[in-house]
Number of protein chains: 2
Amino acid sequence: MIVLPRGGTLRSRVYRAIRDLIHRGALAPGDPLPASRALAASLEIARNTVEVAFDDLRAEGYITSRPGAGRFVAEDLVLDQLTPSSSKTTSSPPALTPFGQRARNVDLGSPAGAAIDIDFRYGHPDLDGRIADDWRQEIAGVTSTMTLDTLTYGDPQGHPDLRRAVAGYLSRARGINASAESIVVVSGSQQGLDLIARLLVAPGDPIAIEDPHYLGARAVLQAAGARLVTCPVDEQGMLIPTRPARLAYVTPSHQFPTGVVMSVQRRLDLLRWADSENAFVIEDDYDSEFRFDGPPLQAIHGLAASNRTIYLGTFSKVLFPALRLGYLVVPDSLIDAVRGAKWITDRHSPTLEQLALAHYIASGRFERALRRARVRNMRRRRALVDALDNLTIDHELSGASAGLHLMATFPGLSTAELDAAIERAARAGIGIYSAARYHLRQPSRARLLFGYSTLSERRIERGIEALTPLLR
Amino acid sequence: MIVLPRGGTLRSRVYRAIRDLIHRGALAPGDPLPASRALAASLEIARNTVEVAFDDLRAEGYITSRPGAGRFVAEDLVLDQLTPSSSKTTSSPPALTPFGQRARNVDLGSPAGAAIDIDFRYGHPDLDGRIADDWRQEIAGVTSTMTLDTLTYGDPQGHPDLRRAVAGYLSRARGINASAESIVVVSGSQQGLDLIARLLVAPGDPIAIEDPHYLGARAVLQAAGARLVTCPVDEQGMLIPTRPARLAYVTPSHQFPTGVVMSVQRRLDLLRWADSENAFVIEDDYDSEFRFDGPPLQAIHGLAASNRTIYLGTFSKVLFPALRLGYLVVPDSLIDAVRGAKWITDRHSPTLEQLALAHYIASGRFERALRRARVRNMRRRRALVDALDNLTIDHELSGASAGLHLMATFPGLSTAELDAAIERAARAGIGIYSAARYHLRQPSRARLLFGYSTLSERRIERGIEALTPLLR
């Protein structure tokens, strides 16, 4: 009795029914198959359907036919190893590479709480303004003119239009003189970090990193097997590493998460250190677009000849994270390796989104949207700073002059008391977040990180007002 | 005399002019700055502009002001290491990791010839049909409903909608029972291969690969430091490795580039080999959607319990390569590691394109487009096979029953003679391509690869007709 499995064409259902009988051993090598006429009648389907299914089985070597004698399961099929009982070895865990073992245990972060009403989570996109409308129009523009060139494999370094647009933007906005040839388009700053780590970090290599720091950078460097040389952060930014390192990862425009802006003297000292160590500096400029008390500080990349600095930019903060587009500005000595690594990794980033972004920047709309976003975020920041000012609990703010978040330190609270307050706040529908997880070695104080780019001024005020009793 | 550099706001131009004077040493630590009133007058700009530029310079630590005495270049600035002459160490090549050294030298392929009229290049997208129109509509659909969820960071494993859609498609089209939980969305099959190599291939590990083979797989495995165990291909597909290996990379549906379909017996033997070696099989099913003499053969993945097989699918062939979307079907034992590696690598693939693709598949439009493409490609294949039939030079075809290319072997030609013919053809505006570069160890015979998915039947006929005299 043959029962047809569900799904697919009749022909494939017949094929699968018989194949499964063979695999289960219900039909053994050498066994005769039912005649197609009889099988078709019993299944109430056309005989021809059974015939073509038999043809498929024969094409794959499951069955043979002997003239005048009918069809048989192939004599030479060896199926025994496929029964589950003989595959015991497969339950042993696979032997992963050191990278694989670390990747398996990486902290993927926690999803947003369900019942959070006013969420001070950092890193969410700003849905006010016209970013979504702008993006819809740009995407519609590029999809209306799709050609062979835009649909086939593209340049691993990134579409030349986007690289030129980014070079122009960096010159106007950051004082960075980068040629389109030195820019590599990457799928978000995470990929930029990963490519650099794969090229420059061998297992055991000492790598300098701010402490506290961005968790994506920690994950990449640890997965590459780096020995992290943690450098505390003071009011001038990351302290210069006191031990040798191959590479320093730094967020000078707005240290993550403390918000400290690295002083020029510290920037120059870091470059001198890199020179003496023959090391590279990765300058992660993740939110320099937002500075509120003047133009953004000069990037390290623009301070000196750029052969020590790898500049990392992202569109996650100024457009939206799900876009997954960023860029590296790379010294000449590294460009071939980065281009090759990008090709090996994923050939190139998606072309249509690169073209939409190139047009968005070149048309001037991007920088207009940025100016609007800056004004919105300045108002939000002011609302947040003013509201925190009214908090009756002793605290200090840092990082308020730039970026899309600030940090509050509570000298009168222990970290355990703060954690309890965070839980109480969550139950009251207010999402606040401890900075503790960004610390690796430095002892953590009771510090909260406040992101504000998704909240209206009124909600910011309401949220902070509600915090006072919750923080005790 | 201060000359303002070009670009940016007046404030930033004044800032940069003075900063550059300091960096060049024209203004030394301790030197007085010109009075803002005098400088404004000489530059014919507002005094206030000069004042705010001075504020920026002071905020960064370049200058100090002494009450009553004016402004001075900061005494403690140490700039000497930034003059180009002292940065000699930077001209030494950076110390790259073994991966980096291989990445720097990877073969990125050759761009298409400029004057090629009829191009039998393999891998270009099929612009007939309505793929571009379909895609424009799907993208417009998702961009019309952008929300916080679709714009913020997404699931590293891929959007659940797309994973469910792919699971349904695999069940209908490939007889693969994969849950959405076992699917990982990747940025093209290249990334799928790279993730697996990073997780499973340590330097020196023996990895089995077909010879000839797909160059993207070779590049990934070599960059990971694999010792390649090359396995010749006969008329049943890749021979079973005779030496131990951790992993076997195979294209059973339509071996690349020979086009051989792996027999069921060979598939079963390969699984048995994997069991005995405790190895994984990567099944790259890059073009199984196109089979012309029956339904696609059962994937290895569906032949047996799936804990030995990593299935790799791509939308590059059935939609277009620049989309950069593909997927892995991963055994339970590997899923956490693959998810973590994807997060480290680039957080996740772009969300809007994932959602557009999910809707395209779930709405049934994808499979309708696929059926149309199958009909078009069947006609093209027939035109190509018929035209090659008329070629008066001795040759054998393989790979014509499936995929989007076929291979012709010319027993009467040496590879040097073939290379000369390829050059003659290019000069005559016809692009034909040798299979030699896909071979690593096997001696190559005179073989041409013909892709046909971008050409009309008439152009296929014209191109092959013109070839006879060119092949001599």
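Now for a description of the structure that goes with this document. (Residues numbered from 1 in each chain as written. Chains lettered and ligands numbered in written order. Predicted model: local features only at pLDDT ≥ 70, side-chain atom pairs only at ≥ 80, totals over all residues. Heavy atoms only, no water.)

### Here we look at the interface of chain A and chain B
Part 1 of the argument: The interface of chain A with chain B comprises 107 residues on the first partner and 108 residues on the second.
Part 2 of the argument: Taken over both partners, the interface formed by chain A and chain B buries close to 9200 Å², and the fraction arising from carbon and sulfur atoms is 62%.
Part 3 of the argument: The interface formed by chain A and chain B holds two salt bridges in total.
Part 4 of the argument: Where Asp194(A) meets Arg198(B), a salt bridge forms, and the shortest distance between an N and an O atom there is 2.7 Å.
Part 5 of the argument: Where chain A packs against chain B, one counts 25 residue pairs in polar contact (both at pLDDT 80 or more). (Contact = heavy atoms within 4.5 Å. Buried area = accessible area lost by both parts, 1.4 Å probe. Salt bridge = Lys/Arg side-chain N within 4 Å of Asp/Glu carboxyl O. Polar contact = N/O pair within 3.5 Å; in protein donor to acceptor, adjacent residues only side chain to side chain.)

### Concerning the nonpolar core
Part 1 of the argument: One finds Phe315(A), Phe450(A), Phe315(B) and Phe450(B) to be the most contacted residues of the largest nonpolar core, which totals 233 residues.
Part 2 of the argument: Ignoring sequence-local partners within four residues, the contact set of Phe450(B) consists of Phe120(B), Leu384(B), Leu388(B), Leu404(B), His405(B), Leu406(B), Ala408(B), Ile432(B), Ile464(B) and Leu467(B). (Core = buried A, V, L, I, M, F, W, Y, C linked by side-chain atoms within 4.5 Å. Buried < 20%, exposed > 50% of the residue type's maximum accessible area, 1.4 Å probe, protein only.)

### Concerning unusual backbone geometry
Part 1 of the argument: With an omega of 5°, the peptide bond between Asp211(A) and Pro212(A) qualifies as cis.
Part 2 of the argument: With respect to the element layout, Pro212(A) can be found in the loop between β5 (206-211) and α9 (215-223).
Part 3 of the argument: Along the chain, Phe256(B) connects to Pro257(B) via a cis peptide bond; the corresponding omega equals 5°.
Part 4 of the argument: Its identity as a non-glycine residue notwithstanding, Asn278(A) has a phi of 55°, on the positive side.
Part 5 of the argument: Inspection of the secondary structure assignment puts Asn278(A) in the loop between α10 (264-277) and β9 (280-284). (Helix = DSSP H or I, 4+ residues; strand = E, 2+ residues; numbered from the N terminus.)

### Observations concerning the pairing of strand β13 (residues 405-409) of chain A
Residues and elements named next belong to chain A.
Part 1 of the argument: Most of β13 sits inside the fold, with five of its five residues counted as buried.
Part 2 of the argument: Residue alternation in β13 divides its side chains into two sets, His405, Met407 and Thr409 and Leu406 and Ala408, and both sets are buried.
Part 3 of the argument: Between strand β12 (residues 396-398) and β13, which pair antiparallel in sequence order, lie six residues; one of them, Gly399, sits at a positive phi of approximately 80°.
Part 4 of the argument: Two elements, β13 and strand β16 (residues 447-451), share five bridges in a ladder whose sense is antiparallel. Its bridge partner being in β16, Met407 is matched across the sheet by Leu449. (Pairing = 2+ DSSP bridges.)

### Comments concerning the sheet that holds strand β7 (residues 237-238) of chain A
Residues and elements named next belong to chain A.
Part 1 of the argument: Taken together, the eight strands give an open sheet; going across it, the order is β4-β11-β10-β9-β8-β5-β6-β7, and neighbouring strands pair in mixed fashion. Because the sheet does not close on itself, it has two edges, and the strands there are β4 (183-186) and β7.
Part 2 of the argument: With six bridges joining them, β5 and strand β6 (residues 227-234) adopt parallel strand pairing. Its bridge partner being in β6, Ile207 is matched across the sheet by Leu228.
Part 3 of the argument: Here α10 sits on the sheet in contact with β6, β7, β8 (247-250), β9 and β10 (309-314), set at roughly 160° to β8. (Axes fitted to C-alpha atoms, helices over the stretch in contact; angles between N-to-C directions.)

### Quick word on the relation of the copies chain A and chain B
Part 1 of the argument: Of the two same-sequence chains, chain A is brought onto chain B (RMSD 0.1 Å, axial shift 0.0 Å) by a rotation of 180°. The transformation relating the two chain copies, once decomposed into turn and shift, fits a two-fold axis. Identified as the residue of chain A closest to the rotation axis by C-alpha distance is Ala140(A), at 3.4 Å.
Part 2 of the argument: Both copies share a contact surface, since 100% of the interface residues of chain A are interface residues in chain B too. (Least-squares fit on C-alpha atoms with pLDDT ≥ 70 in both.)

### Focus on the packing of aromatic side chains
Residues and elements named next belong to chain A.
Part 1 of the argument: Using the criterion set out here, one finds 24 aromatic pairs over all chains in the structure.
Part 2 of the argument: For the ring pair Trp135 and Phe320, a centre distance of 6.0 Å and an interplane angle of 80° mean the geometry is edge-to-face. With Trp135 in helix α5 (residues 131-143) and Phe320 in the loop between β10 and β11 (326-329), this residue pair connects regions lying 185 residues apart in the sequence.
Part 3 of the argument: Among the residues examined, Trp135 registers a relative accessible area of 0% and is labelled buried.
Part 4 of the argument: Looking at Phe320, the relative accessible area reads 2%, which means it is buried. (Phe/Tyr/Trp six-rings, centres within 6.5 Å; stacked < 30°, edge-to-face > 60°.)

### Looking at the pairing of strand β2 (residues 70-73) of chain A
Part 1 of the argument: When strand β1 (residues 63-66) of chain A meets β2(A), the two strands line up antiparallel, connected through four bridges. In the strand pairing of β2(A), Ile63(A) is matched with Val73(A).

### Quick notes on the pattern of salt bridges
Part 1 of the argument: Tallying each qualifying case throughout the model produces 52 salt bridges over all chains.
Part 2 of the argument: Here Asp134(B) and Arg365(B) are joined by a salt bridge, their closest N and O atoms 3.2 Å apart. One end of the pair, Asp134(B), is in helix α5 (residues 131-143); the other, Arg365(B), is in helix α14 (residues 365-389), and 231 residues separate them in sequence.
Part 3 of the argument: Classification of Asp134(B) as buried rests on a relative accessible area of 5%.
Part 4 of the argument: If you follow the salt bridges from partner to partner, you end up with Asp134(A), Glu138(A), Arg365(A) and Arg372(A) in one network.

### Section: the environment of Gly429(B)
Part 1 of the argument: Among the structural elements, Gly429(B) can be located in the loop between α15 (415-427) and β14 (430-431).
Part 2 of the argument: Expressed as a C-alpha distance, the spacing of Gly429(B) and Asp119(B), which sit 310 residues apart in the sequence, is 8.0 Å.

### Details of helix α13 (residues 351-362) of chain A
All names here are of chain A.
Part 1 of the argument: Taking 1.5 Å of rise per residue, 12 residues should cover 16 Å, and α13 covers 16 Å from first to last C-alpha, within 8% of that figure.
Part 2 of the argument: Every buried residue of α13 is listed here: Thr351, Leu352, Glu353, Gln354, Leu355, Ala356, Leu357, Ala358, Tyr360 and Ile361.
Part 3 of the argument: Where α13 ends, the next residue or the one after it, Gly364, has phi of about 85°, a positive value. (Expected span 1.5 Å × (residues − 1).)

### Concerning a negative patch on the surface
Residue and element names in this part refer to chain A.
Part 1 of the argument: On the surface, Asp386, Asp389, Glu457, Glu461 and Glu465 cluster together into a negatively charged patch.
Part 2 of the argument: Looking at the negative patch, the elements that each hand over two or more residues are α14 (365-389) and α16 (457-471).
Part 3 of the argument: Here Glu457 shows up in helix α16.
Part 4 of the argument: For Glu457, a relative accessible area of 34% gives the class partly exposed. (Patch = residues over 30% accessible without salt bridge, like charges linked within 9 Å, V, L, I, M, F, W, Y side chains within 5 Å. Areas by Shrake-Rupley, 256 points an atom, 1.4 Å probe, with all protein chains shown as cover. Lys, Arg positive; Asp, Glu negative; His and termini not counted. Charge placed at Lys NZ, Arg CZ, Asp CG, Glu CD.)

### Some points on the packing of helix α8 (residues 189-200) of chain B against helix α12 (residues 332-346) of chain B
Residue and element names in this part refer to chain B.
Part 1 of the argument: Running from amino to carboxyl end, α8 crosses α12 at an angle of 115°, the nearest separation of the two axes being 10 Å. It follows that α8 is roughly perpendicular to α12 by the angle criterion. Handedness of the crossing formed by α8 with α12: right-handed. Facing Gln191, Leu195, Ile196, Arg198, Leu199 and Leu200 of α8, the residues of α12 in contact are Leu334, Ala337, Val338, Ala341, Lys342, Thr345 and Asp346.
Part 2 of the argument: Looking at the contact of α8 with α12, its residues break down into eight nonpolar, two polar and three charged. (Parallel < 35°, antiparallel > 145°, perpendicular 65-115°, else oblique. Left-handed = near helix turned anticlockwise from the far one by under 90°. Nonpolar A, V, L, I, M, F, W, Y, C, P; charged D, E, K, R; others polar.)

### Points about the environment of Leu325(A)
Residue and element names in this part refer to chain A.
Part 1 of the argument: Checked against the element boundaries, Leu325 lands in the loop between β10 and β11.
Part 2 of the argument: C-alpha of Leu325 to C-alpha of Ser189: the two residues are 136 residues apart in sequence and 7.5 Å apart in space.
Part 3 of the argument: Sequence-distant contacts of Leu325, that is, excluding residues within four places in its chain, are made with Val185, Val186, Ser187, Gly188, Thr314, Phe315, Ser316, Ser349, Glu353, Gln354 and Leu357.

### Some thoughts on helix α3 (residues 47-59) of chain A
All names here are of chain A.
Part 1 of the argument: An ideal rise of 1.5 Å per residue puts 18 Å on 13 residues; α3 measures up with 19 Å between its terminal C-alpha atoms.
Part 2 of the argument: When α3 is considered as a whole, its buried residues turn out to be Thr49, Val50, Glu51, Ala53, Phe54, Asp56 and Leu57.
Part 3 of the argument: Contacts from the buried residues of α3 go to α1 (10-24), α2 (36-43), β1 and β2.
Part 4 of the argument: One or two residues past the end of α3 sits Gly61, with phi positive at roughly 90°.

### Considerations on the side chain of His395(A)
All names here are of chain A.
Part 1 of the argument: Inspection of the secondary structure puts His395 in the loop between α14 and β12.
Part 2 of the argument: For His395, a relative accessible area of 18% puts it in the buried group.
Part 3 of the argument: In this structure the side chain of His395 is engaged in a polar contact, spanning 3.0 Å, whose partner is the backbone oxygen of Leu388.
Part 4 of the argument: A polar contact of 2.7 Å, which involves the side chain of His395, links it to the backbone oxygen of Ile393.
Part 5 of the argument: Sequence-distant contacts of His395, that is, excluding residues within four places in its chain, are made with Leu388, Thr409, Phe410 and Pro411.

### Looking at the sheet that holds strand β13 (residues 405-409) of chain B
Within a sheet, neighbouring strands are paired by backbone hydrogen bonds and run either parallel or antiparallel to one another.
Residue and element names in this part refer to chain B.
Part 1 of the argument: Across the sheet, four strands lie side by side as β12-β13-β16-β15; this open sheet has antiparallel pairing. The two strands at the open ends of the sheet, each matched to only one other strand, are β12 (396-398) and β15 (433-434).
Part 2 of the argument: Across three bridges, β12 lies against β13 in antiparallel orientation. The partner of Glu396 across the bridge, within β13, is Thr409.

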